[in-house]
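Residues per chain are reported as follows:
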Amino acid sequence: IGREFRGKGANVLLGPAVQVHRVARNGRNFEYMSGEDPLLGARLGAAYVHGVQGEGVMAVAKHFAYNEQETDRFNQSSDVDDRTAWELYYPPFEATVEAGVASVMCSYNRVNGTHACENESLLRRDLKGRLGFRGFVMSDWWALHAPASDRGVDQEMPGIPQDDPEPWLSHNRLEASEGTSPSERHLEPALRILAAMHRLRLTERPSCTPGRGCSEALRSNQRSPQHDALAREAAASSVVLLKNSGVLPLPEAGGTSTLALIGGALSAESLWGQDPVHRMMPAKDYYMGGGSGHCGVLPEQLVTPLTALTQRAERSGWKVSASPSNNLTEALAAAQGADVAIVVVAASSIETLDRDTLTLDDGADELINALRKEGRRTIVLVQAPGTFLSPWRDTVDAVAALFLGGEQTGSAWADVVFGDRSPAGKLPIMLPKSASSTIDPSDEPSAVYSEGVFTSYRAKDAPSQSAFPFGHGLSYTVFAYGTVTRTPSEACPAPAVLCVRIDVRNAGSRSGSEVAQAYVAFPQQDDAPRLVLRGFHRTAELRPGDSEVVVFSFSARDLSVYRHGDWKLQHSVSVHIGSSSADLRGALERLVV
């Protein structure tokens, strides 16, 4: 990504977006790589920063902080206590800071009553002070409402006024405001911006200088066969197999079996256009989310599920009958006589609007139920921007999810469905049984985070409310976990204070890769979640019978809780290792640290 951005003439990339999901219907959840867990966001966010900035492009971590819904996002206040901030929502930003991120973008919303970009407690005390951020704070577009450079914001974007006579950080407005002179108030922001530029050596080797020959770079084609292959690999690796009664992978058919391909998402187009209205409109793009970051995929570059599944099925000797719509009559006709039906269903979302519902689009539930009533084996493939409901999950034979896989979506589905690769993705969110167990967008002036840290799998009632738990994801093989053992912390990389190991073995008949997960419990803390994710590790591709020793090392911070303004190390902890938050295979209870 960084290499293509630099090739296109960019010096700055507006990412990674690392909000931890709170509101399941948030229209921008598709952007937020943290999913519902701070450790996941921390690991992915830091890696993203290293990758992008390693190519000489500034990364911008966003949106700081608590931009958890699109409803009334310019005015609503997110009211959050310190413990919830530091344990749940800050860690992904903290990790990007430690990775050396050049910039952090402050958000539209208010935080505890004050707009984020003018919030001295948020920006100066927490971000620049306690988190030690040394880069520059960039405002979201028109998110500044005052000449607030003394409160922590360093750069006003986009730098041109929208409804005001001139930018808030202009010389005239700073001069008219109380406090130090404009030159003094511009000094720290200028130093921070210049320092970030020099650290990435942009003054020596800029990608291009706007107004001085960027047009050629901007119009250049930075695609390559290697990047196309990587896009396919990334999408296929992201497929999460939620359920499989044995119907997947589809076998060779020898020309005697029929596969029905059903659903409007089979052949859906990706919106493409340069005008803002086209990019922002809430149409059904099932390959990427809508909004300011939407770019669309040209038809000649998009691999639809219909194209890829049809071609791969025919190679395996399947006869194909297709109905690329959600029309019940047409779907039942296409499925008549089919041995297996694959239903591709989807949902979309867009910046500026929260989703109306967690139900899949265009009567997908009714379509799936109608096909299943016919008695044939049914496979459901879901393309979604985040959480979705699956009321039919107990009646179908297989379910897989892909959270907006981009231009190679069709190839990813074909690779997994026909067994060219074993699924290895894990859920970054909990999929609920019903919408009633999720947090809705708030219409109130203040959204009070009264649930604290007890969201997703951390909620006390998560086991009973989960259709598919956080961290869940099946494979075409089976993994056996050995006994968890404690090893000397000196044998693990510093600054480990606790180290455990476990053997993960491929006990099935096909090759595959597993993501082992380490959860920690604090038995002496009555107000702590029952489990918190503190580590995960993807094994190598293991052949049948092969095994890998997985080692988890925990720092003092990993084994601490935030209380009374600081992190407190817990001297009694329990460690649980497993395949998901609900599939724990081994534990060490009440370890003394």
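Check the entry above for the structure.
Reading the values: rules and limits
- Residues numbered from 1 in each chain as written.
- Predicted model: local features only at pLDDT ≥ 70, side-chain atom pairs only at ≥ 80, totals over all residues.
- Heavy atoms only, no water.
- Helix = DSSP H or I, 4+ residues; strand = E, 2+ residues; numbered from the N terminus.
- Rg over C-alpha atoms; globule rule 2.2 N^0.38 Å.
- Areas by Shrake-Rupley, 256 points an atom, 1.4 Å probe, with all protein chains shown as cover.
- Lys, Arg positive; Asp, Glu negative; His and termini not counted.
- Charge placed at Lys NZ, Arg CZ, Asp CG, Glu CD.
- Buried < 20%, exposed > 50% of the residue type's maximum accessible area, 1.4 Å probe, protein only.
- Contact = heavy atoms within 4.5 Å.
- Pairing = 2+ DSSP bridges.
- Axes fitted to C-alpha atoms, helices over the stretch in contact; angles between N-to-C directions.
- Salt bridge = Lys/Arg side-chain N within 4 Å of Asp/Glu carboxyl O.
- 1 Å grid on protein atoms, 1.4 Å probe; cavity = no way out; pocket = protein on both sides within 12 Å on 5 of 7 lines; lining within 4 Å.
- Points joined across faces, edges and corners; volume = space filled by probe spheres on them.

Draft legend 1. Up close: the overall build of the protein. A tally of regular secondary structure across the protein gives 15 helices and 26 strands. For a compact globule of 593 residues, the expected C-alpha radius of gyration is about 25 Å, and the protein comes in at 25 Å, within 12% of that figure. Carbon and sulfur atoms form 51% of the exposed surface of the protein, whose accessible area is close to 24500 Å². Both charge centroids of the protein, one from 57 positive and one from 70 negative side chains, sit 5 Å from each other.

Draft legend 2. Summary view of helix 14 (residues 409–417). With nine of nine residues buried, helix 14 is to be regarded as a mostly interior element. Looking only at helix 14, the buried set comprises Thr409, Gly410, Ser411, Ala412, Trp413, Ala414, Asp415, Val416 and Val417. Buried residues along helix 14 sit against helix 9 (225–237), helix 11 (305–315), strand 11 (340–346), strand 12 (377–383) and strand 13 (398–402). Among the residues trailing helix 14, glycine 419 stands out with phi positive, at a value near 80°.

Draft legend 3. Broad picture of the sheet that holds strand 11. Read across the sheet, six strands follow the order 8-13-12-11-9-10 without closing on themselves; strand pairing throughout is mixed. Edge positions in the open sheet fall to strand 8 (240–244) and strand 10 (319–323), since each of these has one partner strand only. In this sheet, neighbouring strand axes are inclined to one another by 15° on average, regardless of whether the strands run parallel or antiparallel. Note that strand 8 and strand 13 share four bridges and pair antiparallel. Opposite lysine 243, over in strand 13, you have valine 399 as the bridge partner.

Draft legend 4. Main features of the pattern of salt bridges. Scanning the entire structure with this criterion turns up 29 salt bridges. Notably, a salt bridge pairs glutamate 204 with arginine 201, separated by 2.9 Å at the nearest N-O pair. When salt bridges that share partners are traced, they join Arg28, Glu31, Glu70, Arg73 and Glu351 into one network.

Draft legend 5. The sheet that holds strand 26 (residues 584–592), seen in detail. As summarised here, the arrangement of the four strands in space is 21-20-25-26, forming an open sheet in which the pairing is antiparallel. Edge positions in the open sheet fall to strand 21 (532–538) and strand 26, since each of these has one partner strand only. Taking the axes of each pair of neighbouring strands and ignoring which way they run, one obtains an average angle of 20° across the sheet. The pairing of strand 25 (residues 572–578) with strand 26 spans six bridges and is antiparallel. Residue pairing for strand 26: isoleucine 577 is matched across the bridge by glycine 586.

Draft legend 6. Inspection of the layout of surface pockets at higher detail. Its volume calculated, the second largest pocket comes out at about 740 Å³. Along the walls of the second largest pocket sit 33 residues, with Leu39, Ala42, Arg534, Arg557 and Asp558 positioned nearest its centre. Elements supplying a minimum of two residues to the lining of the second largest pocket: helix 2 (38–53), helix 3 (82–89), helix 4 (91–98), strand 21, strand 22 (547–555) and strand 23 (560–563).

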